[in-house]
Amino acid sequence: MAEFRVPERHAQVLEYAQSLTPPAGWKIEVSGDEIIMMAGPSVIHQRNLFIVREQFDARRPTGLMPSENTDLASPSVGKLRNPDLTYIPVSVVELGGNEVPAELAAIAVEIVSVSNPENDLVGKVRDYPLMQIPLYLVIDPREGTVVLFSDPVGGAYRQRWTGEFGDVVPIPPPSDFGLMTAGLVRY
């Protein structure tokens, strides 16, 4: 079996991004040759994330832990993304470092940013299935909508569930519950 090698260009961009020290309250992501810097979230963003996280935490499968703003890395496809919330194996702590292999994430949750919605609605919809993240939940307080992407095959999600604030989102296993969205707040 041939040894896997990260493409040199991807490795260079990731290495450079990891060497940067963003200002307080900012975070860095990498998508191919693009380095993305984002400002910290608003209070409405944080409240919506809290409402979602409480429900996921109550149904958290054994062996998974919640993690906010964790770097999920996929060097083979040149991606380093930092979802608002993810659930990763507790055993990942043994790996050490600041990055988690993206394929270990059970889900990525994003609250759409007012300042850069395209990052969550276009870039991450493109990147997360390439990174082998099985579920991507997008909550858009600008529009009052919720989208759950699932079943990544061939670098794209094959399934898409769309609803509005107030609907119940059918979260599949391993969590397997109906996510209540009535308490979410619009910007």
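Heads up: the structure comes first, above all this text.
Residues numbered from 1 in each chain as written. Predicted model: local features only at pLDDT ≥ 70, side-chain atom pairs only at ≥ 80, totals over all residues. Heavy atoms only, no water.

The rolling of a water-molecule-sized probe over the atoms marks out the regions of remaining empty space. Tallying each qualifying case throughout the model produces 1 cavity of 30 Å³ or more. Approximately 50 Å³ is the volume attributed to the largest cavity. Lining of the largest cavity is provided by F56, L64, Y87, A106, I107, L135, I171, P172, P173, P174 and S175. By residue class, the composition of the lining of the largest cavity is 10 nonpolar, 1 polar and no charged. (1 Å grid on protein atoms, 1.4 Å probe; cavity = no way out; pocket = protein on both sides within 12 Å on 5 of 7 lines; lining within 4 Å. Points joined across faces, edges and corners; volume = space filled by probe spheres on them. Nonpolar A, V, L, I, M, F, W, Y, C, P; charged D, E, K, R; others polar.)

Counted under the stated rule, the structure contains 9 salt bridges. A salt bridge links R53 to D57; its shortest N-O distance comes to 3.0 Å. With R53 and D57 both in helix α2 (residues 43–58) and 4 residues apart, this pair spans about one turn of that helix. In this structure R53 comes out as partly exposed when scored by relative accessible area, which is 24%. Between D151 and R158 there is a salt bridge, and its shortest N-O distance comes to 2.8 Å. Given the relative accessible area of 28%, D151 is considered partly exposed. (Salt bridge = Lys/Arg side-chain N within 4 Å of Asp/Glu carboxyl O. Helix = DSSP H or I, 4+ residues; strand = E, 2+ residues; numbered from the N terminus. Buried < 20%, exposed > 50% of the residue type's maximum accessible area, 1.4 Å probe, protein only.)

Relative to the assigned elements, V147 resides in strand β10 (residues 145–153). With relative accessibility at 11%, the residue V147 sits in the buried group. Expressed as a C-alpha distance, the spacing of V147 and P117, which sit 30 residues apart in the sequence, is 14 Å. What V147 contacts, discounting residues up to four positions off in sequence, is Y136, L137, V138, R160, W161 and T162. (Contact = heavy atoms within 4.5 Å.)

Next up on the list: the packing of aromatic side chains. Applying the stated rule across the entire model yields 5 aromatic pairs. Taken together, a centroid distance of 5.1 Å and an interplanar angle of 85 degrees make the contact between F56 and F177 edge-to-face. Separated by 121 residues along the polypeptide, F56 in helix α2 and F177 in strand β13 (residues 177–180) bring together distant segments of the chain. For the residue pair F56 and F177, the accessibility class agrees, reading buried in each case. Centre to centre, the rings of Y136 and F149 are 5.9 Å apart; their planes meet at 20 degrees, and the pair counts as stacked. A residue pair is termed long-range when its members are at least 10 positions apart, and Y136 in strand β9 (residues 135–140) and F149 in strand β10 qualify at 13 residues. By relative accessible area, F149 is classed as buried at 8%. Members of the aromatic cluster, joined through ring pairs, are Y128, Y136, F149 and Y157. (Phe/Tyr/Trp six-rings, centres within 6.5 Å; stacked < 30°, edge-to-face > 60°.)

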